[in-house]
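Structure at a glance
Given next are the chains, with one letter for each unit.
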Amino acid sequence: MVYVEVLMERCPKCGIEFVSDGLEGLCGACLMAEGFETSAMTVHDGGSGTDPQHALEYDSFGPYTILRVLGEGGMGTVYLAEQQEPIHRQVALKVVKPGMDTRQILTRFSYERQALALMDHPNIAHVYDAGATEKGRPYFVMEYINGVAITDYCDSHRLNTAERLELFVPVCQAVQHAHQKGVIHRDLKPSNVLVTEQDGRPVPKVIDFGIAKAIDQRAGEETMLTQFGQFVGTPEYISPEQADVVTNDVDTSSDVYSLGVLLYELLVGAVPNDRIKLRKAGLAEVLRIIREEEVPSSPSWAIPRPR
């Protein structure tokens, strides 16, 4: 009889127990979400400067007054800020973290800013401005979307199938617009499709092109961004080709696949792959599941939706 020892770890980020594969101490899902930026952040921050509010005490954002943190990723922090002039309004300001100004991260950050600036669509968050802080960290200023994830909005308002489809159509049109501008999003999921209300009507907005990829990028940039971001994404929503780290053959069809998963969740009440199973797996197993396992047509973990 052969005994195989299975090492279990608890992910310090999401708290779930998973089968360890010796990578970074995070579960596979969190590793992909972080894009392997965790180790880089630890090296550069050196245990200090990780508190976004603390970092603000030593920097200035010109005409923008920081109000609070909206979100934080491996390379940058997004703040709710207030612009005083020439227009008084609230905006979302994204800035590179202190100590994270490596060539790779600055290139990714610059590309995200440029990708958003190229697009002009009512269902994509607009870029208003760009600049650098007093300490030289680049930032850009976006439309502030005071909304909720599209799945949460549909559930809380008990939208029926026809209403969910009506809300989903402009999301597809926004992604098509990005593709026509030569940009692949690569991380389409509910939290990146926010719904806000304008004149009493729901309006979806696609946000966060932080790991977007250009269709016609120059060869040097393509190689660098692919190497840096090849594991980046959210396991429940990425396409099989996005999980293939050998070929990394990602094109617009990857976004179409992710849109399909999002629609599946809107209508069925769950993502196709078992979220708990993915969270408990190591990175290699997560990628294998996405690439190889068939998606069930009626998952046992689905939640009935209003018709």
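Criteria and thresholds
Residues numbered from 1 in each chain as written. Predicted model: local features only at pLDDT ≥ 70, side-chain atom pairs only at ≥ 80, totals over all residues. Heavy atoms only, no water. Helix = DSSP H or I, 4+ residues; strand = E, 2+ residues; numbered from the N terminus. Buried < 20%, exposed > 50% of the residue type's maximum accessible area, 1.4 Å probe, protein only. Contact = heavy atoms within 4.5 Å. Areas by Shrake-Rupley, 256 points an atom, 1.4 Å probe, with all protein chains shown as cover. Core = buried A, V, L, I, M, F, W, Y, C linked by side-chain atoms within 4.5 Å. Polar contact = N/O pair within 3.5 Å; in protein donor to acceptor, adjacent residues only side chain to side chain. Salt bridge = Lys/Arg side-chain N within 4 Å of Asp/Glu carboxyl O. Pairing = 2+ DSSP bridges. Axes fitted to C-alpha atoms, helices over the stretch in contact; angles between N-to-C directions. pLDDT = per-residue confidence, 0-100.

**What about the overall build of the chain?**
The number of helices and strands found in the chain is ten helices and twelve strands. Looking at the chain as a whole, 47% of its 307 residues qualify as buried. Of all intrachain contacts in the chain linking residues separated by at least 6 positions in sequence, the fraction that spans at least 24 positions is 61%. Of the roughly 15,000 Å² of accessible surface on the chain, 51% is carried by carbon and sulfur atoms.

**Quick look at the nonpolar core**
Leu116, Met119, Ile124, Ile150, Leu167, Val206 and Phe209 are the most contacted members of the largest nonpolar core, which has 33 residues in total. At the level of elements, β4 (76–83), β5 (89–96), α4 (103–118), β7 (138–143), α5 (150–156), α6 (161–180), β10 (193–198) and α8 (252–268) are the ones that each hand at least two residues to this core. The element that contributes the greatest number of residues to this core is α6, accounting for six residues. The residues contacting Leu116, other than those within four sequence positions of it, are Ile124, Ala125, Val127, Phe140, Met142 and Phe209. Counting ten residues, the second-largest nonpolar core is a separate cluster that includes Phe61, Tyr79, Val95 and Val141.

**Observations regarding the environment of Arg137**
With respect to the helices and strands, Arg137 occurs in the loop between β6 (127–132) and β7. Taking the C-alpha atoms as reference, Arg137 lies 9.3 Å from Leu106; in sequence the two are 31 residues apart. For Arg137, the residues in contact, after removing those within four places along its chain, are Asp59, Phe61, Val95, Val96, Lys97, Pro98, Gly131 and Ala132. Only 3.0 Å separates the side chain of Arg137 from the side chain of Asp59, close enough to count as a polar contact.

**Some remarks on the pattern of salt bridges**
Under the criterion given, the structure shown has eight salt bridges. Of the charged contacts in the structure, one is a salt bridge between Arg201 and Glu166, with a shortest N-O distance of 3.8 Å. Remark: Glu166 occurs in helix α6 and Arg201 occurs in strand β11 (residues 201–206); sequence separation between them is 35 residues. By the burial criterion, Arg201 is exposed, and Glu166 matches it. Ionic contacts of the salt-bridge type, sharing partners, join the residues Glu285, Arg288, Glu292 and Glu293 into one network.

**What about the sheet that holds β7?**
If you trace the five strands from one edge of the open sheet to the other, you get β3-β4-β5-β7-β6, paired in antiparallel fashion. Only two strands of the sheet have a single neighbouring strand rather than two, namely β3 (64–72) and β6. Averaged over all pairs of adjacent strands, the angle between strand axes in this sheet comes to 30 degrees, irrespective of strand direction. As paired elements, β3 and β4 share seven bridges and run antiparallel to each other. What sits directly across from Ile66, in β4, is Ala81.

**Brief notes about the confidence of the model for the chain**
In the predicted model, the chain carries a mean pLDDT of 75, and 67% of its residues have values of at least 70. Contacts of residues 35–50 to residues separated by more than four positions or lying in other chains number 24 contacts, the stretch itself having pLDDT below 50. Across residues 217–230, confidence stays below pLDDT 50; counting only partners more than four residues off in sequence or on other chains, it has 21 contacts.

**Some words on the sheet that holds strand β8 (residues 148–149)**
Spatial strand order, β8-β10-β11: three strands in an open sheet with antiparallel pairing. Looking at strand neighbours, the two that pair on one side only are β8 and β11, the edges of this open sheet. The pairing of β8 with β10 spans two bridges and is classified as antiparallel. Across the sheet, Ala149 pairs through a bridge with Leu194, a residue of β10. With respect to the sheet, α6 is in contact with β10 and β11, its orientation differing from that of β11 by roughly 30 degrees.

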